[in-house]
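Understanding the architecture of this molecule
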Amino acid sequence: MQSDASLNEKLHVGIIMDGNGRWATRRGLSRLRGHEAGVEAIRRIVEAAPKQGIGTLTLYAFSTDNWRRPKAEVAALMTLLRFYLANEVQSLVKNGVRLTVIGRRDRLPEGIASAIARAEQTTTEGNALHLRIAVDYSARDAILNAAAKAAALTSITREAFSQLVTGEAGLRDVDLIIRTSGEKRLSDFLLWEGAYAELHFTERMWPEFDAGDLAAALASFHGRERRFGGLQAIMPEEVPSLSRV
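Residues numbered from 1 in each chain as written. Predicted model: local features only at pLDDT ≥ 70, side-chain atom pairs only at ≥ 80, totals over all residues. Heavy atoms only, no water.

As annotated in an unreviewed UniProt entry, the protein is Isoprenyl transferase from Bradyrhizobium nanningense. A UniProt comment under Function (unreviewed entry) is attached to the protein, and it reads "Catalyzes the condensation of isopentenyl diphosphate (IPP) with allylic pyrophosphates generating different type of terpenoids." The Subunit (unreviewed entry) comment attached to the protein in UniProt states, word for word, "Homodimer." (UniProt positions renumbered as here; feature names shortened; annotations may be inferred.)

Here we look at the overall build of the protein
Looking only at helices and strands, one finds nine helices and six strands in the protein. Taken against the 2.2 N^0.38 rule, which gives 18 Å for 245 residues, the C-alpha radius of gyration of the protein at 18 Å falls within 12% of a compact globule. Expressed along its principal axes, the backbone C-alpha trace of the protein runs to roughly 50 × 40 × 35 Å. By the burial criterion, 49% of the 245 residues in the protein qualify as buried. Partitioning the contacts of the protein with sequence separation of at least 6, the portion at a separation of at least 24 is 75%. In the structure as shown, the protein presents an accessible area of about 12200 Å², 52% of it carried by carbon and sulfur atoms. (Helix = DSSP H or I, 4+ residues; strand = E, 2+ residues; numbered from the N terminus. Rg over C-alpha atoms; globule rule 2.2 N^0.38 Å. Buried < 20%, exposed > 50% of the residue type's maximum accessible area, 1.4 Å probe, protein only. Contact = heavy atoms within 4.5 Å. Areas by Shrake-Rupley, 256 points an atom, 1.4 Å probe, with all protein chains shown as cover.)

Looking at the nonpolar core
If you look at the biggest cluster of nonpolar residues, it comprises 44 residues, and the most contacted ones within it are V13, I15, L57 and L131. With residues near it in sequence (within four places) discarded, V13 still touches I54, T56, L57, T58, L176, I178 and L218. I16, I102, Y137 and A197 belong to the second largest nonpolar core, which has eleven residues in total. (Core = buried A, V, L, I, M, F, W, Y, C linked by side-chain atoms within 4.5 Å.)

A closer look at helix α9 (residues 211-222)
Because each turn of an α-helix spans 3.6 residues, side chains separated by three or four positions end up pointing in the same direction. Taking 1.5 Å as the rise per residue, α9 with twelve residues should run 16 Å; its terminal C-alpha atoms sit 16 Å apart, in good agreement. Inspection of α9 places D213, L214, A217, L218 and F221 among the buried residues, and these make up the whole buried set. Seen along its axis, α9 keeps its buried residues to an arc of 135 degrees; they face one direction. Buried residues belonging to α9 abut β1 (11-16), α3 (31-48), β2 (54-63), β5 (176-179) and β6 (198-201). Its side-chain oxygen at 3.0 Å from the backbone nitrogen of G212, D210 defines the N-terminal cap of α9. (Expected span 1.5 Å × (residues − 1). Arc of directions from axis to C-beta. Polar contact = N/O pair within 3.5 Å; in protein donor to acceptor, adjacent residues only side chain to side chain.)

Topic: the layout of surface pockets
The space that makes up the largest pocket amounts to roughly 760 Å³. Lining of the largest pocket is provided by 33 residues; of these, M17, Y60, A61, F62 and N66 occupy positions nearest its centre. Among the secondary structure elements, those contributing two or more residues to the lining of the largest pocket are α2 (20-26), α3, β2, α4 (71-87) and β4 (129-137). It is α4 that provides the largest number of residues to the lining of the largest pocket, a total of six residues. Counted by class, the lining of the largest pocket contains 15 nonpolar, eight polar and ten charged residues. For the second largest pocket, the calculated volume is near 420 Å³. Around the second largest pocket sit 24 residues that line it, and G103, A142, L164, V165 and T166 are the ones nearest its centre. Counting residues per element, the ones that place at least two in the lining of the second largest pocket are β3 (97-102), β4, α7 (139-150) and α8 (158-166). A per-element tally of the lining of the second largest pocket places α7 first, with five residues. Of the residues assigned to the lining of the second largest pocket, the class counts are seven nonpolar, eight polar and nine charged. (1 Å grid on protein atoms, 1.4 Å probe; cavity = no way out; pocket = protein on both sides within 12 Å on 5 of 7 lines; lining within 4 Å. Points joined across faces, edges and corners; volume = space filled by probe spheres on them. Nonpolar A, V, L, I, M, F, W, Y, C, P; charged D, E, K, R; others polar.)

If you want it as structure tokens, here you go:
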């Protein structure tokens, strides 16, 4: 079994899971069916990630701006979140996956926040993969909230500010951000911890995304030179955190 420290030595990958609705519409299916297929894709990628050298996987499930979507679709997404928390936790435990949820919890429908807390507690010993799911999440809000807390301090380092942003001490900065569906923007995702992340955009819709697509994105990542403002390339295991950049 691997320790949290060894997980942090592996890659941190963030994925903007985009295209569920378009995937379904093109097939004459409801948008809900697209979101259901998106949950199936999550299962595939969570299983594949540890085998491909990923220690931390952050998935963008529901942004703060997604509250603007039709009420019926939002309700369906919340139902899927309930289902995932109720039915996937034992599988996560079995596979050594630690789950944490980032973002606001006070606006979620009744019972979901407590279900999240139970899932996090149940999976706390997982050390094959740290799975972070962003729900009601805004990177700008996370930075703004961290700045408000930092204002009360006499001095602060980047490392300490990172902990205020992420809520976790020593979390590895994001190495690679993947966005599916052909869109090429970050959409308020991991703006602080992804400051030096490599970006990979694919035309594949999220419900289609599989282990082979993840491997292709990682192959592209490993073929790049990461200099972090310097002249010499730095290997992934040597990547500095934002506190030292």
